[in-house]
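The primary structure of each chain is shown beneath.
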Amino acid sequence: MTKQQLSDKWAICFDKITDRLRKYAYVKLVFYEKKAFTHFKSLRKEYGAEHAYADFYYFRLDFDAREMVNELLSPEEICYLELICPLPGEEEEAIIFPLDEKLLKIIVRLNASEILFSTIYFTASDRCERMRTTWWGNYGKEYICFKDR
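Bear in mind the structure is a predicted one, so any value in this text is a computation, not a measurement.

**What about the overall build of the protein chain?**
Turning to step 1, where the next piece is worked out: Check the secondary structure of the protein chain and you find 6 helices and 6 strands.
Turning to step 2, where the next piece is worked out: Ordered by position from the N terminus, the helices and strands of the protein chain form the series α-α-β-α-β-α-α-β-α-β-β-β.
Turning to step 3, where the next piece is worked out: Looking at the 149 residues of the protein chain, the share that counts as buried comes to 43%.
Turning to step 4, where the next piece is worked out: Taking the contacts inside the protein chain whose residues are at least 6 apart along the sequence as the reference set, 71% of them involve residues at least 24 apart.
Turning to step 5, where the next piece is worked out: When the accessible area of the protein chain is evaluated, it comes to approximately 8,500 Å², of which 52% is carbon and sulfur surface.

**Describing the nonpolar core**
Turning to step 1, where the next piece is worked out: Among the nonpolar cores identified, the biggest contains 29 residues, and Phe40, Phe56, Leu81, Leu99, Ile120, Phe122 and Trp135 are the most heavily contacted of them.
Turning to step 2, where the next piece is worked out: For this core, the elements supplying multiple residues, two or more each, are α3 (33-47), β2 (52-55), α5 (75-84), α6 (101-113), β4 (119-122) and β6 (142-147).
Turning to step 3, where the next piece is worked out: It is α6 that contributes the most residues to this core, 6 residues altogether.
Turning to step 4, where the next piece is worked out: In contact with leucine 99, other than residues within four places in its own chain, are Arg44, Ala52, Tyr53, Ala54, Leu104, Ile107, Ile120 and Phe122.
Turning to step 5, where the next piece is worked out: Core analysis: the second largest hydrophobic core is formed by 6 residues, Leu6, Ala11, Tyr53 and Ile95 among them.

**Considerations on the pattern of salt bridges**
Turning to step 1, where the next piece is worked out: As enumerated under the stated definition, the model contains 3 salt bridges in all.
Turning to step 2, where the next piece is worked out: The salt bridge involving glutamate 33 is made with arginine 109; its shortest N-O contact spans 3.6 Å. Separated by 76 residues along the polypeptide, glutamate 33 in helix α3 and arginine 109 in helix α6 bring together distant segments of the chain.
Turning to step 3, where the next piece is worked out: Take glutamate 33: its relative accessible area is 31%, and that puts it in the partly exposed class.

**Considering the side chain of threonine 119**
Turning to step 1, where the next piece is worked out: The topology assignment puts threonine 119 in strand β4.
Turning to step 2, where the next piece is worked out: According to the relative accessible area criterion, threonine 119 is buried, its value standing at 5%.
Turning to step 3, where the next piece is worked out: Once residues lying within four places of it in the same chain are set aside, the contact partners of threonine 119 are Tyr53, Ala54, Asp55, Thr134, Trp135 and Trp136.

**A word on unusual backbone geometry**
Turning to step 1, where the next piece is worked out: A positive phi angle, close to 60°, is found at glutamate 114, a residue other than glycine.
Turning to step 2, where the next piece is worked out: Assignment of secondary structure puts glutamate 114 in the loop between α6 and β4.
Turning to step 3, where the next piece is worked out: With a phi close to 60°, lysine 141 is a non-glycine residue in the positive phi region.
Turning to step 4, where the next piece is worked out: Taking relative accessible area as the criterion, lysine 141 reaches 25% and is therefore assigned partly exposed.

**Some details on the packing of aromatic side chains**
Turning to step 1, where the next piece is worked out: This model, assessed by the stated rule, comprises 13 aromatic pairs.
Turning to step 2, where the next piece is worked out: Ring geometry for phenylalanine 31 versus tyrosine 143: centroids 5.8 Å apart, planes at 45°, classification tilted. Taken together, the residues phenylalanine 31 in the loop between β1 (25-30) and α3 and tyrosine 143 in strand β6 connect sequence positions 112 residues apart. The same class applies to phenylalanine 31 and to tyrosine 143, which are both buried.

**What about a negative patch on the surface?**
Turning to step 1, where the next piece is worked out: On the surface, a cluster of negative charge is made up of Asp62, Asp64, Glu67 and Glu71.
Turning to step 2, where the next piece is worked out: With respect to the helices, strands and loops of the structure, aspartate 64 is situated in helix α4 (residues 63-70).

**As for α6**
Turning to step 1, where the next piece is worked out: Between its terminal C-alpha atoms α6 stretches 18 Å, which fits the 18 Å expected from 13 residues at 1.5 Å a residue.
Turning to step 2, where the next piece is worked out: Considered for burial, the residues of α6 that qualify are Leu103, Leu104, Ile106, Ile107, Val108, Arg109, Leu110, Asn111 and Ala112.

How each quantity is defined
- Residues numbered from 1 in each chain as written.
- Predicted model: local features only at pLDDT ≥ 70, side-chain atom pairs only at ≥ 80, totals over all residues.
- Heavy atoms only, no water.
- Helix = DSSP H or I, 4+ residues; strand = E, 2+ residues; numbered from the N terminus.
- Buried < 20%, exposed > 50% of the residue type's maximum accessible area, 1.4 Å probe, protein only.
- Contact = heavy atoms within 4.5 Å.
- Areas by Shrake-Rupley, 256 points an atom, 1.4 Å probe, with all protein chains shown as cover.
- Core = buried A, V, L, I, M, F, W, Y, C linked by side-chain atoms within 4.5 Å.
- Salt bridge = Lys/Arg side-chain N within 4 Å of Asp/Glu carboxyl O.
- Phe/Tyr/Trp six-rings, centres within 6.5 Å; stacked < 30°, edge-to-face > 60°.
- Patch = residues over 30% accessible without salt bridge, like charges linked within 9 Å, V, L, I, M, F, W, Y side chains within 5 Å.
- Lys, Arg positive; Asp, Glu negative; His and termini not counted.
- Charge placed at Lys NZ, Arg CZ, Asp CG, Glu CD.
- Expected span 1.5 Å × (residues − 1).

Structure (structure tokens):
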């Protein structure tokens, strides 16, 4: 999925951090890997799987950078990434993925290790009274949660 397709699903998307800080309310939270996994798994259940996405730039990494990431992953996780790999030529556009439990586990580990950051998106849902949110992975095991004002 592309960022435009995610935006069409009414997600909070932006290109510049300054746009985020001016336009949306935000809070900074620190989550260690296990706490982040539990938190986002719970939000995924609350919002519904069809309203949970993540950007994941792994497929845009060059060979050496991808090898560094792979050192943190299990063989099963590497096989999983091979299964979700965009088709040749789509790597530049297809950076948004449905947030399933396997991808979530990978993302929170990579965020915690500060080797590859991802953003997690929860779009509005009839199942959930919460407003849409976007969680930006950051240094220091920090997540910045952006929401509508």
